[in-house]
Structures are given as structure tokens and as C-alpha cells.
Amino acid sequence: GALVYQYPRRTICKSGTSMRMECQAVGFQATSVAWYRQSPQKTFELIALSTVNSAIKYEQNFTQEKFPISHPNLSFSSMTVLNAYLEDRGLYLCGAKGQGHERLFFGHGTKLSVL
Amino acid sequence: TQTVSQSDAHVTVFEGDSVELRCNYSYGGSIYLSWYIQHHGRGLQFLLKYYSGNPVVQGVNGFEAEFSKSDSSFHLRKASVHWSDSAVYFCAVRGGYAQGLTFGLGTRVSVFP
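Procedures and definitions
Residues numbered from 1 in each chain as written. Chains lettered and ligands numbered in written order. Predicted model: local features only at pLDDT ≥ 70, side-chain atom pairs only at ≥ 80, totals over all residues. Heavy atoms only, no water. Helix = DSSP H or I, 4+ residues; strand = E, 2+ residues; numbered from the N terminus. Rg over C-alpha atoms; globule rule 2.2 N^0.38 Å. Buried < 20%, exposed > 50% of the residue type's maximum accessible area, 1.4 Å probe, protein only. Contact = heavy atoms within 4.5 Å. Areas by Shrake-Rupley, 256 points an atom, 1.4 Å probe, with all protein chains shown as cover. Patch = residues over 30% accessible without salt bridge, like charges linked within 9 Å, V, L, I, M, F, W, Y side chains within 5 Å. Salt bridge = Lys/Arg side-chain N within 4 Å of Asp/Glu carboxyl O. Lys, Arg positive; Asp, Glu negative; His and termini not counted. Charge placed at Lys NZ, Arg CZ, Asp CG, Glu CD. Phe/Tyr/Trp six-rings, centres within 6.5 Å; stacked < 30°, edge-to-face > 60°. Lys NZ or Arg CZ within 6 Å of the ring centre and 35° of its normal. Core = buried A, V, L, I, M, F, W, Y, C linked by side-chain atoms within 4.5 Å. Polar contact = N/O pair within 3.5 Å; in protein donor to acceptor, adjacent residues only side chain to side chain. Nonpolar A, V, L, I, M, F, W, Y, C, P; charged D, E, K, R; others polar. Disulfide = S-S within 2.5 Å.

### Topic: the overall build of chain B
Now for step 1: Tallying secondary structure elements over chain B gives zero helices and 12 strands in all.
Now for step 2: The helix and strand sequence of chain B, counted from the amino end, reads β-β-β-β-β-β-β-β-β-β-β-β.
Now for step 3: Relative to a compact globule of 113 residues, whose C-alpha radius of gyration would be 13 Å, chain B shows 13 Å and is just as compact.
Now for step 4: C-alpha extents for chain B along the principal axes are approximately 40 × 30 × 20 Å.
Now for step 5: Within chain B, buried positions represent 48% of all 113 residues.
Now for step 6: When contacts within chain B are restricted to residue pairs at least 6 apart in sequence, those whose partners lie at least 24 apart make up 56%.
Now for step 7: On chain B, roughly 5,500 Å² of surface is accessible, and the fraction owed to carbon and sulfur atoms is 50%.

### A closer look at a positive patch on the surface
Now for step 1: Where like charges cluster on the molecular surface, the positive patch consists of A:R9, A:R10, A:K111 and B:R42.
Now for step 2: Along the chain, A:R9 falls in the loop between strand 1 (3-7) and strand 2 (10-13).

### Quick look at the packing of aromatic side chains
Now for step 1: One pass over the structure, following the stated rule, counts 16 aromatic pairs over all chains.
Now for step 2: Ring centres of A:F106 and B:Y36 lie 5.2 Å apart, and the angle between their planes is 85 degrees; this geometry places the pair in the edge-to-face category. With A:F106 in strand 10 (residues 105-106) and B:Y36 in strand 5 (residues 32-38), the pair connects residues from two separate chains.
Now for step 3: Classification of A:F106 by relative accessible area gives buried; the value is 11%.
Now for step 4: Connected via pairs of aromatic rings, a cluster forms that spans A:Y36, A:F44, A:F106, B:Y36, B:F46, B:F90 and B:F103.
Now for step 5: Lying across the ring of B:Y32, B:R94 places its NZ or CZ 4.5 Å from the centre.

### Looking at the nonpolar core
Now for step 1: Grouped together as the largest cluster of nonpolar side chains are 27 residues, with contacts concentrated most on B:W35, B:L48, B:F74, B:L76 and B:Y89.
Now for step 2: The set of elements that each furnish at least two residues to this core consists of strand 2 (10-14), strand 3 (19-21), strand 5, strand 6 (45-50), strand 8 (63-68), strand 9 (73-78), strand 10 (87-94) and strand 12 (107-112) of chain B.
Now for step 3: Broken down by element, the residue count for this core peaks at four residues, all from strand 10 of chain B.
Now for step 4: Excluding anything up to four places from it in sequence, B:L48 contacts B:L33, B:S34, B:W35, B:V57, B:Q58, B:G59, B:F63, B:E64, B:A65, B:F74 and B:L76.
Now for step 5: In terms of nonpolar packing, the next biggest core, distinct from the first, is built from 25 residues, A:A25, A:I47, A:F62 and A:V81 among them.

### Quick look at the interface of chain B and chain A
Now for step 1: If you look at the interface, chain B gives 19 residues, while chain A gives 20 residues.
Now for step 2: Connecting chain B to chain A are zero salt bridges.
Now for step 3: One can count four residue pairs in polar contact (both at pLDDT 80 or more) joining chain B with chain A.
Now for step 4: Of all the secondary-structure elements, those providing two or more residues to the side of chain B that touches chain A are strand 5, strand 6 and strand 10 of chain B.
Now for step 5: Sort the elements by how many residues they give to the side of chain B that touches chain A and strand 5 of chain B lands first, with three residues.
Now for step 6: Among the residues forming the side of chain B that touches chain A, the class breakdown is 11 nonpolar, five polar and three charged.

### Some details on the state of the cysteines
Covalent bonding between the sulfur atoms of two cysteines defines a disulfide.
Now for step 1: One pass over the full model with this rule turns up two disulfides over all chains.
Now for step 2: Across the disulfide, A:C23 is cross-linked to A:C94 (sulfur-sulfur distance 1.8 Å). Since a negative S-S torsion denotes a left-handed disulfide, the A:C23-A:C94 link at about -50 degrees is left-handed. Linking A:C23 in strand 3 (residues 19-26) with A:C94 in strand 9 (residues 90-98), this pair joins segments that are 71 residues apart in sequence. Both residues of the pair, A:C23 and A:C94, belong to the buried class.
Now for step 3: Shown here is the disulfide that connects B:C23 with B:C91, its sulfur atoms set 1.9 Å apart. Disulfide B:C23-B:C91: the torsion about the S-S bond is -65 degrees, which places it as left-handed. Of this pair, B:C23 sits in the loop between strand 3 and strand 4 (24-26) while B:C91 sits in strand 10, and the two are 68 residues apart along the sequence. Here B:C23 matches B:C91 in class, with each residue buried.

### Examining the environment of B:S86
All names here are of chain B.
Now for step 1: Assignment of secondary structure puts S86 in the loop between strand 9 and strand 10.
Now for step 2: Look at S86 and you get partly exposed, because its relative accessible area is 27%.
Now for step 3: In the structure, S86 is positioned 68 residues away from S18 in sequence and 13 Å away in space, judged by C-alpha atoms.
Now for step 4: Beyond its immediate stretch of four places on either side in the chain, S86 contacts H39, V109, S110 and V111.
Now for step 5: At 3.0 Å, the side chain of S86 and the backbone oxygen of W83 are in polar contact.

Below is the structure:
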């Protein structure tokens, strides 16, 4: 079956430091990877969508300078939260989709706490 | 641009009751709709989806949803809830194949014994 693994599951970083999270697709080729953030008590906001052979598309309020994303092959993606502050706390979800798939497969998320 | 609205922030039901969670969307073209569940402190679990065909779709754990183009809705239903159905339910829409999902604000369901 198709699975998406995310790691780490939880992480704590000091204010002003950076944190990298990874996403691995197993059982299918992840032609598209979407990164989401769920801030405390909120819904899921799309940060960016990465599609193979296309530029990474960032949503309003999110930038490459703050959330650089790498999608080097069809099974892996990573995103870094640069210079993290309190407002960056939340659950970061990676969702991946294969060619011809309609459905996004989600990982369990990386919970980021900032001290 | 697609938008999605979940009108109920919190729904309280008793075990064995039926429940309907409302979801309305706006988008002018072909649309992909789905429902996800998030248990406390966890990630998202897929429940069901609709893209075309039979407007009533069956999902996991006895959930079903009905697409209505005229009402721009995709309401989720379950005939008899269990305490383990207590969670936050998110409706999500996608307007085009290359687009990301847009999530509603979520509906928290509390099931009492």
C-alpha cells in the first residue's frame, strides 16, 4: 500500500534557530508533495506545493526564504523552518500524491515546539 | 480559487446517535472533495473522497458523504456513532489536479456514552 512517513514526529527548537523535517513516500512515486501547517487550534494551511518538473509554488504568507523545500526525487521531500519563532509552532504535515492518483496520502506530521 | 466552509464548529452526540457534518464549497469547475479525521494529538486520516460518479460515497468505519452540485455541498454522515468517533473532522476541496487541498476549519465531534 501507499504510505507516507514523516520524521521527526516531535521536535523542540530554540527561538531563532532552524529545524528540518523530512517526508518519505513508500509504495508509490510522489510526483506532487504538499506541505501544510496546523497552528494550535487552527485548520491546515497550505504552505507550498511541489510538483516534479515544475517550480515549487508557495501560498500567500509563506515564502521560500522562510520555508525552503527540497523535492529531489519521487520518494523524498524535506522542508526547513528557518529562524523559527513562537508563531511557527504547530503540526507540519506532508501530503504526497502519485501520478494518476486523486488522493493525497498524509504522514503523521512533525510537531514543532519553539522555546 | 476554491473555498470550503464547515458551518458547525462543535457537535455533541450520544453513542448510537446519527450525525451529519456539513460542508459547503465554492468553485466553478470540476472539483475533488474529501473528508479527513484528526484524533487528538494525531495527524490526518483519510475517510472518503468524491470526484465523479455516484454522488453518495462510502468511506471507512461506516461514514458516507453525499455530493450535491446544486447545493455545493458534501455533507458527511454516520448512522450510529461510537465513542471512538470523537475527533475533529475536516472537509477538503481541490479545484484542479495540480492544486493543493484547501481545508475547512474543522468540526469537533464529541460522542458521549
